Amino acid sequence: MSSSKKVKIKDFSVGQIAYLYGYEYYGNRSQPFVSEVEVLRVGTRYVTVKHQGREVRFENRYKGDFFLREKTNRGAQWMLFLKKETLDKYIERGELERWLSGAAEWTKLRHYTIEQLRAVKKILDRENDI
């Protein structure tokens, strides 16, 4: 998602609505969720929101991120997005990556025509981007 703007702590403001994305676990199964949350505090290191009666802190862990990551040492980190559009693109990209990964399984590749494979190569070939 190189077209998305890198997000910083100072981009958030107290009282604004932000968008939380993560996974909830039920036994051995996980289910993704999206939740609108209100920003409670914006500090120099963390943005704090309230989710299901619990305060959750988020930090800017990696410079290139376009979302903040939950400050935690356990399990999968939740992500905090500044804009719903950015979250929607993130979710769509994940779905497309999973689809492409499945479509490119070696057992399926032999069923594509050479024309289909050439077309995919042309689209994905980095040299064509120059």
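Please refer to the structure placed before this passage.
Each value, and the rule that gives it
- Residue positions within a chain follow its written sequence, with the count starting from 1.
- Where totals are concerned, whole chains, interfaces and linings use all residues; where local detail is concerned, this predicted model gives features only for residues with pLDDT of at least 70, and gives and counts side-chain atom pairs only at 80 or more.
- For the side-chain quantities, the full set of heavy atoms in the structure was used; hydrogens and water were omitted.
- Each nonpolar core is a collection of buried residues, namely Ala, Val, Leu, Ile, Met, Phe, Trp, Tyr and Cys, held together in the definition by side-chain atoms within 4.5 Å.
- Note on exposure labels: buried denotes an accessible area under 20% of the residue type's maximum, exposed denotes more than 50%, and partly exposed covers the range between, all computed with a 1.4 Å probe on protein chains only.
- Helix and strand assignments follow DSSP, with helices taken as H or I runs no shorter than four residues and strands as E runs no shorter than two, numbered in order from the N terminus.
- The criterion used for residue contact is that any of the two residues' heavy atoms lie within 4.5 Å.
- Salt bridges are identified by distance alone: a Lys or Arg side-chain nitrogen within 4 Å of an Asp or Glu carboxyl oxygen.
- Note on pairing: DSSP must find at least two bridges between two strands before they are called paired.
- To get an axis, fit a line to the C-alpha atoms, keeping to the stretch in contact for a helix; angles then go from 0 to 180 degrees between the N-to-C directions.

**Details of the nonpolar core**
Here is step 1 of the chain: Core analysis: the biggest nonpolar cluster contains 15 residues, and Phe12, Val47, Val49, Phe58, Leu68 and Leu80 have the highest contact counts within it.
Here is step 2 of the chain: Those elements that place two or more of their residues in this core are β1 (17-26), β2 (29-42), β3 (47-51) and β4 (54-59).
Here is step 3 of the chain: Here this core gets three residues from one element, more than from any other, and that element is β2.
Here is step 4 of the chain: Sequence-distant contacts of Val47, defined by excluding residues within four places in its chain, comprise Ile9, Phe12, Val39, Arg41, Val56, Arg57, Phe58, Leu68 and Leu80.
Here is step 5 of the chain: Counting residues in each nonpolar core, the second largest holds seven residues, with Tyr21, Phe66, Phe67 and Met79 among its members.

**What about the side chain of Arg69?**
Here is step 1 of the chain: The residue Arg69 is located in strand β5 (residues 68-70) in this model.
Here is step 2 of the chain: Arg69 has contacts with Arg57, Phe58, Glu59, Arg61, Tyr62, Gln77 and Trp78, leaving out every residue within four places of it along the chain.

**Observations regarding the environment of Asp125**
Here is step 1 of the chain: Here Asp125 lies in the segment after α3 (114-124).
Here is step 2 of the chain: For the pair formed by Asp125 and Val47, sequence separation is 78 residues and the distance between their alpha carbons is 40 Å.

**Thoughts on the pattern of salt bridges**
Here is step 1 of the chain: Tallying each qualifying case throughout the model produces seven salt bridges.
Here is step 2 of the chain: Between Arg54 and Glu70 there is a salt bridge whose closest N-O contact spans 3.9 Å. Placement of Arg54 in strand β4 and of Glu70 in strand β5 is noted, with a sequence separation of 16 residues between them.
Here is step 3 of the chain: The class for Arg54 is partly exposed, based on a relative accessible area of 36%.
Here is step 4 of the chain: Given a relative accessible area of 4%, Glu70 falls into the buried group.

**Some points on the sheet that holds β5**
Here is step 1 of the chain: Here we have six strands rolled up into a closed barrel, ordered β1-β2-β3-β4-β5-β6, and antiparallel in their pairing. Neighbour to neighbour, the strand axes of the sheet diverge by 40° on average, direction disregarded.
Here is step 2 of the chain: Two elements, β5 and strand β6 (residues 79-81), share two bridges in a ladder whose sense is antiparallel. The residue of β6 that forms the bridge with Arg69 is Met79.
Here is step 3 of the chain: The sheet contacts of helix α1 (residues 84-103) involve β1, β2 and β6, and relative to β1 the element is tilted by about 35°.

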